[in-house]
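# Examining the three-dimensional arrangement
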Amino acid sequence: MAKLWGGRFSKNTNELVDAFNASINYDKRLYQEDIRGSMAHARMLVKCGIIPEADGTKIVAGLQDILKDIEAGNFEFSVALEDIHMNVEARLTERIGDAGARLHTARSRNDQVALDMHMYMKRQIVEVAELLLEFEKVILAVAKQHDKTLMPGYTHLQRAQPITFAHHLLAYFNMLQRDFRRLLGVWEDADIMPLGAGAIAGTTFPIDRFFVAEQLNFKNVYANSMDAVSDRDYVLDFLSFASVLMMHMSRLSEELCLWSSTEFGFVELDDAFATGSSMMPQKKNPDISELVRGKTGRVYGELMAMLTTLKGLPLTYNKDLQEDKEGLFDAIDTVKFTLQVYRDMIATMTVNTDRMRWAVSHDFSNATDLADYLVRKGLPFRKAHAVVGQCVAYAIKEHKFLLDMTLDEYKQFCELFEPDLMEALDPEHCVNARVSYGGPSYVENDKQLEKGEAILKEQEETLKALREKI
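Residues numbered from 1 in each chain as written. Predicted model: local features only at pLDDT ≥ 70, side-chain atom pairs only at ≥ 80, totals over all residues. Heavy atoms only, no water.

## Description of the packing of aromatic side chains
Overall, the coordinates contain 11 aromatic pairs when judged by the stated rule. Where Phe165 meets Trp259, the ring centres are 5.6 Å apart and the plane angle is 70 degrees; that geometry is what we call edge-to-face. Taken together, the residues span a long stretch of sequence, with Phe165 in helix α8 (residues 165-190) and Trp259 in helix α11 (residues 233-259) at a distance of 94 residues. By relative accessible area, Trp259 is classed as buried at 2%. When the centroid spacing of 6.0 Å and the interplanar angle of 10 degrees are considered together, the rings of Tyr373 and Phe417 count as stacked. Pair noted here: Tyr373 is in helix α15 (residues 367-376) and Phe417 is in the loop between α17 (407-411) and α18 (421-425), with a separation of 44 residues, a long-range link. We note that Tyr373, like Phe417, is buried. Among the aromatic residues, those joined into a ring-pair cluster are Tyr154, Phe264 and Phe266. A cation over an aromatic ring shows up here: Arg8 above the ring of Phe9, its NZ or CZ 5.8 Å from the ring centre. Over the face of the ring belonging to Phe75 we find Arg91, whose NZ or CZ atom lies 4.1 Å from the ring centre. (Phe/Tyr/Trp six-rings, centres within 6.5 Å; stacked < 30°, edge-to-face > 60°. Helix = DSSP H or I, 4+ residues; strand = E, 2+ residues; numbered from the N terminus. Buried < 20%, exposed > 50% of the residue type's maximum accessible area, 1.4 Å probe, protein only. Lys NZ or Arg CZ within 6 Å of the ring centre and 35° of its normal.)

## A few points about a negative patch on the surface
There is a patch of like negative charges on the surface, built from Glu188, Asp189, Asp227 and Asp233. By the secondary structure assignment, Asp227 is in helix α10 (residues 225-230). (Patch = residues over 30% accessible without salt bridge, like charges linked within 9 Å, V, L, I, M, F, W, Y side chains within 5 Å. Areas by Shrake-Rupley, 256 points an atom, 1.4 Å probe, with all protein chains shown as cover. Salt bridge = Lys/Arg side-chain N within 4 Å of Asp/Glu carboxyl O. Lys, Arg positive; Asp, Glu negative; His and termini not counted. Charge placed at Lys NZ, Arg CZ, Asp CG, Glu CD.)

## Details of the pairing of strand β1 (residues 150-155)
Relative to strand β2 (residues 158-164), β1 runs antiparallel, the two being bridged by 6 bridges. Bridge pairing links Thr155 to Gln158 in β2. In sequence, β1 turns back onto β2 through a hairpin of 2 residues, with His156 there showing a positive phi of about 55 degrees. (Pairing = 2+ DSSP bridges.)

## Remarks on unusual backbone geometry
The linkage connecting Leu315 with the following residue, Thr316, adopts the cis geometry, with an omega of 10 degrees. Summarising the element assignment, Thr316 is placed in the loop between α12 (287-311) and α13 (326-348). Phi at Glu82 takes a positive value of approximately 70 degrees, unusual for a residue other than glycine.

## A look at helix α7 (residues 109-145)
Side chains that are three or four residues apart share a direction in an α-helix, a result of its 3.6 residues per turn. In a regular helix each residue adds 1.5 Å, so 37 residues correspond to 54 Å; α7 covers 54 Å between its end C-alpha atoms and thus fits that length. Capping the start of α7, Ser108 holds a side-chain oxygen 2.9 Å from the backbone nitrogen of Asn110, two or three residues further along. (Expected span 1.5 Å × (residues − 1). Polar contact = N/O pair within 3.5 Å; in protein donor to acceptor, adjacent residues only side chain to side chain.)

Everything listed is a geometric property; what it means functionally is a separate question.
Put into structure tokens, the structure is as follows:
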């Protein structure tokens, strides 16, 4: 194996150390950012008179050629060269000679990798935001289709009150809105340019960091060189966002597992998003939902791993910081997969509206409405609650539901019951009576669906602006 360091080193790096130390197998995905950052750095060196213009021209042209080679699959990455930075620089110097060796003037791999990570994060934020927006659109579209589809709402996984399927989906739409806002928060800390911080204390060369920031579309520049090379808050921010998003997706996954079971029968997943059994031919398994539910813990682990890596590090750069990549890359891939597959899975699933309507008509989820009925007749709520509890106990004993009982049966428990109580017990009436802001009534559903469309338009405008800054 070729000697890596030279200079004061008299031995080749041990092969095990080489393999353990190298990050090229995963950080090669930063090649676009590394090359773009190096081109901006070279132009700044020329502008500030630090290297000759001819050398700068050769460097930029050479980097453009290397970018083409990588994208065409004609670039062989070397573990001996450790990382994407050294691989690109070594190939550049091999091709253009001393001009390539001047590229690293006034920078360190410490601020170089920090720059790459910031740029990569900004690009990934936009890509994840695009997928998140697409999934929100699907959720809203399916909710619109089922704005009048009745279903039981649950607390403690017990039927609680009648709602609509749209209302249930809009709860997830609201979660995803918050996720979108959290993702925009990640952008703020990622949009700070670290290059020019050097290894720790900047450089003696007359560089122009703001010129580089302008070329690379950064809003801000790190004000402290030590903070610039050691900061990974934006990585934590993304992993935190990803953990919350995956928690939301895991909750939806759990509901889809339940809803698609024979016991519920509320939805059927398209065959393209389900699997069979190697032994039991009747099975149709919601594997995607189970995988997403399982991968959520993996993303949590990546957040905890990064927090643990950072908690004991003195300033500034330490090799531990190399651990910022694999977990982040895996979390990004997991989030992207989840949003893509769920977008298509939700759009193609069949909603068994008749089964949902049957379920909400064969339970006691209208009991609260019966209590509210008595309250409107003048009975204090606590007393009304007790009366309805007695009615429910009687109905269970008689193998009936509340809509099956006669007026005479009701009057055994309270004289305030009148013929109009049957209207109050109808599931559709129960839903539409809930006109408080954020409730499940058809009127409120329409308002929330309209509001959702406005939110999506705002998000599209925000995303359009971010695309121009990567």
